[in-house]
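Geometric and topological summary
Chain residues, written in single-letter form:
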Amino acid sequence: MSIEVNTRKVDWVKKETVKELLKRMKYSFPLVVVKINDEIIPRSKFSEVYIPNNSKVSVIHMISGG
Amino acid sequence: MNKEKTNKIKKKLKKSSVGIAGLGGLGSNAAVALARAGIGRLVLVDFDKIEDSNITRQYYFLDQIGKLKTNALQDNIKKINPSVVIDAYCEKLIKGSMETRFKDVDVVIEALDSAETKVAFIEEILTKLPDKPIVAASGVSGYGHSDRISTKNLGKLFLCYDENAKSCDIDVLVAPRVGLMANWEANLALEIILGEDR
């Protein structure tokens, strides 16, 4: 019962949303693109979408500068 | 040079278009690289004027300070490759309609400044134009550490990425690294248009 978050193996928590996972991982930066397996999760769905067991989660944060 | 390959690429690029959101360090340099490569059409969007502090890394000249970036970049590109068709829009991207100018381009390049705007733009393109490839960049500030940059591919999003770079609010923006990222973005756009170079 585990998931992979940015190549780090962490416990899978039943009925945990993307928003809750970001909080648990202490990803405090507000600006992220989240992908679960191959699907990009829109920000508006962060508090609705549950993290499935065995999934691979990528959290990408955007940094200012251009 | 491989003549056959050169001609094949030339033909394909001539028929292709790239849209660039933001004409600062990333956008101006990416646009020039694509113009030199022979892109057929560029859609350029920016609302800003050139300031003297921009000259350290953006593709503008001292005598262009005060001009609109859309106009100045058009002038500069015309001096390099006059055959590029340029659709320039001097306007601010407004949340809710950010995708408007990019509906008919082959690839979109995100070349914006603040992290908030980057995320908003990427999300709007990904959700409203789901078949459109978008190239974005994150982590341009600082110098050195070229090897930390990598491409992250998330579906239609191709991200030129250095997660260890600092925000430009607390770091510096200098030509070599900004140019590296800008050309990385342009190079990704070419790869998307032409397919993998084998």
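Scoring rules and cut-offs
Residues numbered from 1 in each chain as written. Chains lettered and ligands numbered in written order. Predicted model: local features only at pLDDT ≥ 70, side-chain atom pairs only at ≥ 80, totals over all residues. Heavy atoms only, no water. Helix = DSSP H or I, 4+ residues; strand = E, 2+ residues; numbered from the N terminus. Rg over C-alpha atoms; globule rule 2.2 N^0.38 Å. Buried < 20%, exposed > 50% of the residue type's maximum accessible area, 1.4 Å probe, protein only. Contact = heavy atoms within 4.5 Å. Areas by Shrake-Rupley, 256 points an atom, 1.4 Å probe, with all protein chains shown as cover. Pairing = 2+ DSSP bridges. Right-handed = clockwise from strand over helix to strand, strands pointing away. Axes fitted to C-alpha atoms, helices over the stretch in contact; angles between N-to-C directions.

Tallying secondary structure elements over chain A gives 1 helix and 5 strands in all. Start at the N end of chain A and walk to the C end: the helices and strands fall as β-β-α-β-β-β. For a compact globule of 66 residues, the expected C-alpha radius of gyration is about 11 Å, and chain A comes in at 11 Å, within 12% of that figure. Buried residues in chain A amount to 45% of all 66 residues. Sequence-distant contacts, at least 24 apart, represent 51% of the contacts inside chain A between residues at least 6 apart. For chain A, the computed accessible surface area is about 3,900 Å², with 51% contributed by carbon and sulfur atoms.

With that out of the way, let us pick up the pairing of strand β3 (residues 85-89) of chain B. Residues and elements named next belong to chain B. Direction of pairing for strand β2 (residues 41-45) relative to β3: parallel, over a ladder of 5 bridges. What sits directly across from L44, in β3, is A88. At this point the chain moves from β2, through helix α3 (residues 69-80), to the parallel β3, and the crossover so formed is right-handed.

Residues and elements named next belong to chain B. Within the fold, A30 resides in helix α2 (residues 25-37). Overall, A30 belongs to the buried group, its relative accessible area being 0%. Along the backbone, A30 and E185 are 155 residues apart, and their C-alpha atoms lie at a distance of 6.7 Å. With residues near it in sequence (within four places) discarded, A30 still touches I20, I109, A182 and A186.

The subject of this paragraph is the sheet that holds strand β3 (residues 32-36) of chain A. Residues and elements named next belong to chain A. With mixed pairing, the 5 strands of this open sheet are ordered in space as β2-β1-β5-β3-β4. Unpaired on one side and paired on the other, β2 (8-11) and β4 (39-41) mark the two borders of the sheet. The sheet shows a mean angle of 30° between the axes of neighbouring strands, direction not considered. Taken together, the 4 bridges between strand β1 (residues 2-5) and β2 define a ladder with antiparallel strand orientation. Within β2, the residue paired with I3 across the bridge is V10.

Read these as spatial facts, not as claims about activity.
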